[in-house]
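Structural features, examined
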Amino acid sequence: FPSPPPPPSSRIRSRLAGRGSGFGPSSSRGGTDDDRDPGKKSVGGGGKRRRTRSETSVGFLGELSEREGWRGGSKSSSSSSSSSSPSLVLDRFGFPPPTEEEVFPPLSNDVVRVPVDGREYDRAYVVSAISRHLGVNLDAFDDSGRSVHVEGGGEEDDGRTTTARWSLRMIHVDPPIFLVEDFLTASECESLSSFVDDDDDDDKRVRRIPSPTFSSSSSSSVAVSRRTSTTWFCRYDAVPALLAKARRLLGVDLNRMEEPQVVRYRPGEEFTWHYDEVPRSGLSNGGQRLATLLVYLNDLGKDRGGGTAFRDLLGMEFEDGDGEGRPRRGRLVVTPRKGTALLFFPAYQDGTPDERTLHRGEAALDDKTIAQIWIHEGSYRAGTPEGNRQSCAMDGVEYEARRLGFS
Ligand SMILES: O=C(O)CCC(=O)C(=O)O
Ligand SMILES: [Fe+2]
């Protein structure tokens, strides 16, 4: 088995498929490059910056997006039908809409990206990989990346308990990206999936957000990120176990958590390339999103699509299940496995967006359901469903934390 990867101090600069000279969009990224700490660039900022024509259109799109409520996350929804024929649509200044390449220009070659080399968990390496991001509460894990807790013990289990394990795996080093295997139990996945019911709009625990359709005269029809799934916003007090586990994994208070969301993709539905960061106009509510915690609620077969893909990052796939076979490199794509959590960081700890985390939810041949929680820099004021407050969930979360042996 390959020896542990070199420490980040000797990080290699991966020469990935960088073409062109574009840099991440500015006004849609919550700050100009000048706002950023130049010292950060060697790791994630993307090096020197030039203004390009495409950046102008990106900036314009960013402003449009902010005005029209477009967001990089699930709250934003634009139907594919309203934005799928851009060649016919000119914006209000008579320009054609920007292309995907212009909005999300390829990263330049000198942007650092460090893929993983092996599968072994190395605590010291993980510690340094997460040093500039929100990271993981490593106190919950032992030196082999395992975390043991109790499952069951509730009324529905007749008090019976079993021992459960989370396995933490780092699947990308810089930017850091993790999987937590067995984060949710099968029955937790099923109960979260059961919120997703088209026929029950009276369920007060959730609010379904239909994808808004912008009128064709609206300039937002140029929006390039397209999401065709359906999102249910959950009351915090309806999902105490999910919150207790998120709090344990990340070591953050509930008040920094956005409304938990369950998202369902029907076959063929997708969320195209996007960043999860909040646009500038949204930053007054809790600041930037520092972490995306996404839990797959069902399995998707290997060739059934539905993966979460990171456009600019490389992943490693082993030919056999045990990591003994020869690894194959390719774009980092996470295949949904029921109960597994994917954790990544749309921005650095200081709120600077990390442009390397551009990603998409690929279309699948089968239904795909996920649960998501975003962690903000500060206190987040929830809005949906009406009256939804983190404080209402406190008792339930403490109860779950005790049941799980977290406190
Ligand atoms: O569905 C996925 O795999 C990704 C979803 C996502 O990126 C998002 O909701 O922001
Ligand atoms: Fe996303």
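Before reading on, note that the structure itself is shown above.
The sections below set out a description of the structure shown in this document. Not measured: the values here are computed from a predicted model. (Residues numbered from 1 in each chain as written. Chains lettered and ligands numbered in written order. Predicted model: local features only at pLDDT ≥ 70, side-chain atom pairs only at ≥ 80, totals over all residues. Heavy atoms only, no water.)

Quick notes on the coordination of the iron ion (ligand 2)
Taken together, the protein ligands of the iron ion (ligand 2) are His274 (NE2), Asp276 (OD) and His359 (NE2), with distances of 2.0 to 2.1 Å. For the iron ion (ligand 2), the single-chain donor residues occur in sequence as H-x1-D-x82-H. Residue Asp276 is found in the loop between β8 (271-274) and β9 (289-296), and its partner His359 is found in strand β13 (residues 359-361); the two are separated by 83 residues along the sequence. The exposure class of His359 is buried, given its relative accessible area of 5%. (Donors = N, O, S within 2.8 Å, 3.2 Å for Na, K, Ca; no water. Helix = DSSP H or I, 4+ residues; strand = E, 2+ residues; numbered from the N terminus. Buried < 20%, exposed > 50% of the residue type's maximum accessible area, 1.4 Å probe, protein only.)

Some remarks on helix α8 (residues 394-403)
Within α8 the residues assigned to the buried category are Val397, Glu400, Ala401 and Arg403. Seen along its axis, α8 keeps its buried residues to an arc of 160°; they face one direction. Counted as exposed and oriented over 90 degrees from the buried face of α8: Asp395 and Arg402. On the buried face of α8, the contacting elements are β2 (146-152), α6 (186-193) and α7 (240-250). A positive phi of about 80° marks Gly405, the residue just after α8. (Arc of directions from axis to C-beta. Contact = heavy atoms within 4.5 Å.)

Let's talk about a negative patch on the surface
A surface patch of negative charge is lined by Asp197, Asp199, Asp200 and Asp202. Structurally, the position occupied by Asp197 is in the loop between α6 and β5 (206-209). The partly exposed category is assigned to Asp197, whose relative accessible area is 32%. (Patch = residues over 30% accessible without salt bridge, like charges linked within 9 Å, V, L, I, M, F, W, Y side chains within 5 Å. Areas by Shrake-Rupley, 256 points an atom, 1.4 Å probe, with all protein chains shown as cover. Salt bridge = Lys/Arg side-chain N within 4 Å of Asp/Glu carboxyl O. Lys, Arg positive; Asp, Glu negative; His and termini not counted. Charge placed at Lys NZ, Arg CZ, Asp CG, Glu CD.)

A short note on unusual backbone geometry
With an omega of 0°, the peptide bond running from Asp174 to Pro175 counts as cis. Within the fold, Pro175 resides in the loop between β3 (161-174) and β4 (177-181). Between Thr384 and Pro385 the backbone carries a cis peptide bond, its omega angle lying at -15°. With respect to the secondary-structure elements, Pro385 resides in the loop between β14 (368-376) and α8.

Some words on the environment of Leu250
Tracing the chain through its elements places Leu250 in helix α7. Look at Leu250 and you get buried, because its relative accessible area is 5%. Between the alpha carbons of Leu250 and Val136 there is a distance of 4.9 Å; along the sequence they are 114 residues apart. Beyond its immediate sequence surroundings of up to four residues, Leu250 is in contact with Gly135, Asn137, Leu293, Leu343 and Ile375.

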